[in-house]
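The lines below spell out each chain.
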Amino acid sequence: MTIQLKKRPTSFLLQANDLAGIKDSADSAGWHEFSVAGKIIGAGYLGVQNKGVGWLIPNAQQKPDATFFTNLFLEAIGKRKFLVRDAQTTAFRLFNGAGDGFGGLTIDYYGGYAVFSWYNETIANWKKEIIRGFKEAFASSFREELVGIVAKNRYQGAASESEILDGTIPEDVIVLENGLKYHVHLQDGWMTGIFLDQREVRKSLKEGLAKDCRVLNTFSYTGAFSVAAKVGGAKSTTSVDLAKRSLPLTKEQFEVNELDDSKEKMYAMGVFHFFDYAAKKKLNYDCIILDPPSFARNKKQTFSVAKNYNELIEASLKVMKKGLLICSTNASNISYGNFRKMIETTLKDQKQAYAIQEVFRLPADFPAPKEMPEENYLKVVVVSIL
Ligand code: SAH
């Protein structure tokens with residue numbers, strides 16, 4: 001069916017008010033042509049997801065069948081040859097939704113296993129064609145075998161967060177990234193144990209960004225930054241995360257790299273509590289990593305990057321004299337410019353001398369279309385505190 005749009009949308013991700021021809025986008029999921037003022041402008045599909053109701057697929061000339069997906073995935077894999085061939089790295093993003101020409105789906109590779117994320121139900125309903133298309137593209141591009149495919153159902157109303165789509169998925173999988181090992185748990189909810197978009201930051205830590213530093217890794221999750229920093233010569237690491245299970249998961253990341261973790265510190269604690277505790281104990285750090293979730297709510301407080309990031313920087317300055325502040329956020333509602341302004345304003349308000357040392361954005365396997373600047377979400381600003 002052809003769906004009328006009010007005007008040519010500025011983003012590939014369609015909004016309810018882009019649609020003129022139908023009342024409720026949810027009742028007509030499937031593949032469509034889109035037209036503006038009677039003129040076909042392209043094809044795509046409807047599917048309700050976070051922040052949108054469907055996707056315009058640029059250059060789509062046919063209904064998405066297995067051959068369509070094979071070609072789409074071959075093109076995406078072709079752009080990642082440098083990673084496919086890198087024997088030191090077995091985990092990376094193979095397909096990045098709109099950035100690779102088809103919004104609503106991402107595919108991550110974890111040394112023999114593929115993780116598909118469905119962002120709406122329509123695309124999940126094409127799983128047969130997508131799996132067939134992917135297996136075909138994979139077989140002609142990789143030397144190793146594809147052992148299993150797992151899906152993360154990232155849309156409302158899904159029966160489960162995670163499900164096996166093909167083959168087998170073991171409890172634990174060990175992947176390599178720039179020569180370091182990371183333990184991942186591919187069947188455990190949406191998250192896998194490592195955020196692949198931070199690869200370049202971990203590489204820099206591994207290569208000595210925090211050499212000789214006492215590192216404080218806040219919002220540490222499985223401690224991936226701590227391990228990379230330790231291998232890169234950090235004097236000590238302290239990992240702090242609210243979730244209790246971060247403790248065994250962090251230990252596991254050290255152990256899989258054959259590092260002695262007995263002297264590394266790990267706290268299951270709220271970050272602000274930890275800062276109070278550290279200030280009281282007069283603890284000091286030379287490198288502090290801040291990587292909070294965009295939004296978090298616990299019993300008493302809410303934290304949002306937009307409103308509260310400055311408090312993290314202010315708290316950090318109480319436990320650091322000189323050193324590195326690694327300020328990271330994946331909040332898509334804050335531009336790089338505004339994030340940097342917030343950091344600099346906070347430091348100036350604190351009368352703190354500083355220099356911006358380095359900036360990391362998304363790595364090449366996470367391309368974002370220029371029409372969707374919000375997809376270029378990662379901002380990591382390394383600040384020297386002087
Ligand atoms: N830096 C990590 C990813 C962080 S994910 C990495 O690169 O691997 C965000 C983490 O913040 C989650 O593990 C969550 O448990 C933790 N978290 C959320 N609110 C918190 C709080 N108030 N204090 C400490 N940790 C918190």
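Cut-offs applied
- Residue positions are counted from 1 within each chain, in the order its sequence is given.
- Note on the predicted model: pLDDT of at least 70 is required for a residue's local features to be given, and 80 or more for side-chain atom pairs to be given and counted; whole-chain, interface and lining totals, by contrast, use all residues.
- Values reported for side chains reflect all heavy atoms of the structure, with hydrogen atoms and water molecules removed beforehand.
- For helices the rule is a DSSP run of H or I covering at least 4 residues; for strands it is a run of E covering at least 2, with both sets numbered from the N terminus onward.
- Three exposure classes are used, based on accessible area relative to the maximum for each residue type with a 1.4 Å probe and protein chains only: buried under 20%, partly exposed in between, and exposed over 50%.
- Residues are treated as being in contact if the distance between any of their heavy atoms lies within 4.5 Å.
- When the sulfur atoms of two cysteines come within 2.5 Å, that pair is taken as a disulfide.
- Put simply, buried Ala, Val, Leu, Ile, Met, Phe, Trp, Tyr and Cys residues joined by side-chain atoms within 4.5 Å make one nonpolar core.
- One heavy atom within 4 Å of a molecule or strand is enough for the residue carrying it to be called near that molecule or strand.
- Nitrogen and oxygen atoms within 3.5 Å of one another constitute a polar contact, given that in protein one can donate a hydrogen and the other can accept it, and given that sequence-neighbouring residues count only through two side-chain atoms.
- Gly is placed with the polar residues, together with every amino acid not listed as nonpolar (Ala, Val, Leu, Ile, Met, Phe, Trp, Tyr, Cys and Pro) or charged (Asp, Glu, Lys and Arg).
- In this analysis, rings of Phe, Tyr and Trp, with Trp reduced to its six-membered ring, are considered paired at centre separations within 6.5 Å, and the interplanar angle assigns stacked below 30 degrees, edge-to-face beyond 60, and tilted for intermediate values.
- Think of it as a cone above the ring: NZ of Lys or CZ of Arg counts as a charge over the ring if it is within 6 Å of the ring centre and within 35 degrees of the ring normal.
- Working convention for charge: Lys and Arg count positive, Asp and Glu count negative, and His plus the chain ends are omitted.
- Each salt bridge in this description consists of a side-chain nitrogen of Lys or Arg and a carboxyl oxygen of Asp or Glu lying within 4 Å of one another.
- Axis angles are defined between N-to-C directions and span 0 to 180 degrees, where every axis is a line fitted to C-alpha atoms and, for a helix, only to the segment in contact.
- Here the word oblique covers every angle except those under 35 degrees (roughly parallel), over 145 (roughly antiparallel) and from 65 to 115 (roughly perpendicular).
- The rule for pairing is simple: two strands pair if DSSP sees at least two bridges between them.

K.L.:
Lay out the environment of Gln198 in plain terms, naming residues and giving numbers.
P.N.:
As for its placement among the helices and strands, Gln198 is situated in the loop between strand S12 (180–184) and helix H5 (199–206). Judged by relative accessible area, which is 3%, Gln198 ranks as buried. Spatially, the C-alpha atom of Gln198 lies 9.6 Å from that of Ala224, the residues being 26 residues apart in sequence. Those residues in contact with Gln198 that sit more than four places away from it in its chain are Phe225, Asp291, Ser328, Leu378 and Val380.

K.L.:
I'd like to hear about the state of the cysteines, residue by residue, with values.
P.N.:
By the definition in use, this model includes 0 disulfides. For Cys287, which is in no disulfide, the shortest distance to another cysteine sulfur is to Cys213 and amounts to 5.3 Å.

K.L.:
Please set out the nonpolar core residue by residue, giving values where relevant.
P.N.:
Ranked by size, the top nonpolar core spans 50 residues in total, and within it Phe73, Phe102, Phe116, Trp118 and Phe134 carry the most contacts. When sequence neighbours within four positions are dropped, the list of residues in contact with Trp118 reads Gly104, Leu105, Ile123, Ala124, Lys127, Ile130, Ala151, Lys152, Asn153, Arg154, Tyr155 and Leu165. Counting residues in each nonpolar core, the second largest holds 36 residues, with Ala91, Val184, Ala224 and Phe225 among its members.

K.L.:
Which residues make up unusual backbone geometry, and what values go with them?
P.N.:
For residues other than glycine, phi is negative in most cases, and the peptide bonds are mostly trans. Positive phi is not limited to glycine here, since Lys51 has a value of about 65 degrees. Within the secondary structure, Lys51 sits in the loop between strand S4 (39–49) and strand S5 (52–57).

K.L.:
Give me the lowdown on the site of the ligand, citing residues and values where you can.
P.N.:
Near the ligand, the surroundings consist of Phe195, Phe219, Tyr221, Phe225, Asp241, Leu242, Ala243, Met269, Gly270, Val271, Asp291 and Pro293. Here Phe219 contributes a backbone N or O atom positioned 3.1 Å from a nitrogen atom of the ligand. The backbone of Val271 places a nitrogen or oxygen atom 2.9 Å from a nitrogen atom of the ligand. For the shell around the ligand, a count of residues per class yields 9 nonpolar, 1 polar and 2 charged.

K.L.:
An account of the packing of aromatic side chains is requested, with residue identities and associated values reported.
P.N.:
Taken as a whole, this structure holds 25 aromatic pairs when the rule is applied. Positioned over the ring face of Tyr182 is Arg202, at 5.6 Å from the centre of the ring.

K.L.:
With reference to specific residues and values, describe the side chain of Glu264.
P.N.:
You can see Glu264 is positioned in the loop between helix H7 (246–256) and strand S15 (265–268). You can call Glu264 buried: its relative accessible area is 9%. At 3.0 Å, the side chain of Glu264 and the side chain of Lys230 are in polar contact. A polar contact of 2.6 Å, which involves the side chain of Glu264, links it to the side chain of Thr237. Residues within four places of Glu264 in sequence aside, it is in contact with Lys230, Ser236, Thr237 and Phe254.

K.L.:
Can you explain the side chain of Glu252? Please cite residues and give values.
P.N.:
With respect to the helices, strands and loops of the structure, Glu252 is situated in helix H7. Comment: no salt bridge for buried Glu252; closest opposite-charge side chain is Arg245, at 9.0 Å. At 2.8 Å, the side chain of Glu252 and the side chain of His185 are in polar contact. Beyond its immediate stretch of four places on either side in the chain, Glu252 contacts His183 and His185.

K.L.:
How would you sum up the environment of Asp100? Please name residues and give values.
P.N.:
On the secondary structure map, Asp100 appears in the loop between strand S6 (91–96) and strand S7 (105–110). Judged by relative accessible area, which is 8%, Asp100 ranks as buried. Apart from the residues lying within four places of it in its own chain, the contact partners of Asp100 are Leu72, Ala76, Lys79, Arg80, Leu94, Phe95 and Pro367.

K.L.:
Residues and numbers for the packing of H5 against helix H6 (residues 224–231), please.
P.N.:
H6 packs onto H5 with a crossing angle of 30 degrees between their chain directions and a minimal axis gap of 6 Å. When the axes of H5 and H6 are compared, the pair comes out roughly parallel. In this structure, H5 uses Val201, Arg202, Leu205 and Lys206 to contact H6, whose residues at the interface are Ala224, Phe225, Ala228, Ala229 and Val231. Residues of the contact of H5 with H6, tallied by class, amount to 7 nonpolar, no polar and 2 charged.

K.L.:
So what's going on with the sheet that holds strand S2 (residues 13–14)? Which residues, and what values?
P.N.:
Pairing within the open sheet is mixed, and its 5 strands lie in the order S1-S3-S4-S5-S2. The open sheet has two free edges, formed respectively by strand S1 (2–5) and S2, since each of these has just one partner strand. Looking at chain direction, strand S3 (residues 30–36) and S4 are connected through 7 bridges and run antiparallel. Considered in S4, the bridge of Phe34 is made with Gly42.

K.L.:
Got a sec to walk through the pattern of salt bridges? Specific residues and values, please.
P.N.:
Two side chains carrying opposite charge are able to pair once their charged atoms lie near each other. Using the criterion set out here, one finds 14 salt bridges in the structure. Notably, a salt bridge pairs Arg245 with Asp188, separated by 3.2 Å at the nearest N-O pair. Highlighted residues: Arg245 in the loop between strand S14 (236–241) and H7 and Asp188 in the loop between S12 and H5, separated in sequence by 57 residues.

K.L.:
Any chance you could break down the sheet that holds strand S10 (residues 162–167) for me, citing the residues and the numbers?
P.N.:
Hydrogen bonds between backbone groups are what pair the strands of a sheet, and the pairing can be parallel or antiparallel. Spatially, 5 strands are ordered S6-S7-S8-S9-S10 in an open sheet, and the strand pairing comes out mixed. The open sheet has two free edges, formed respectively by S6 and S10, since each of these has just one partner strand. Direction aside, the axes of adjacent strands within the sheet are offset by 20 degrees on average. In the sheet, strand S8 (residues 113–118) pairs with strand S9 (residues 148–153) via 6 bridges, with the strands oriented parallel. For Tyr113, the partnering residue across the bridge sits in S9 and is Gly148. Taken strand by strand, helix H4 (residues 127–139) contacts S6, S7, S8, S9 and S10, and its axis lies near 145 degrees from that of S8.

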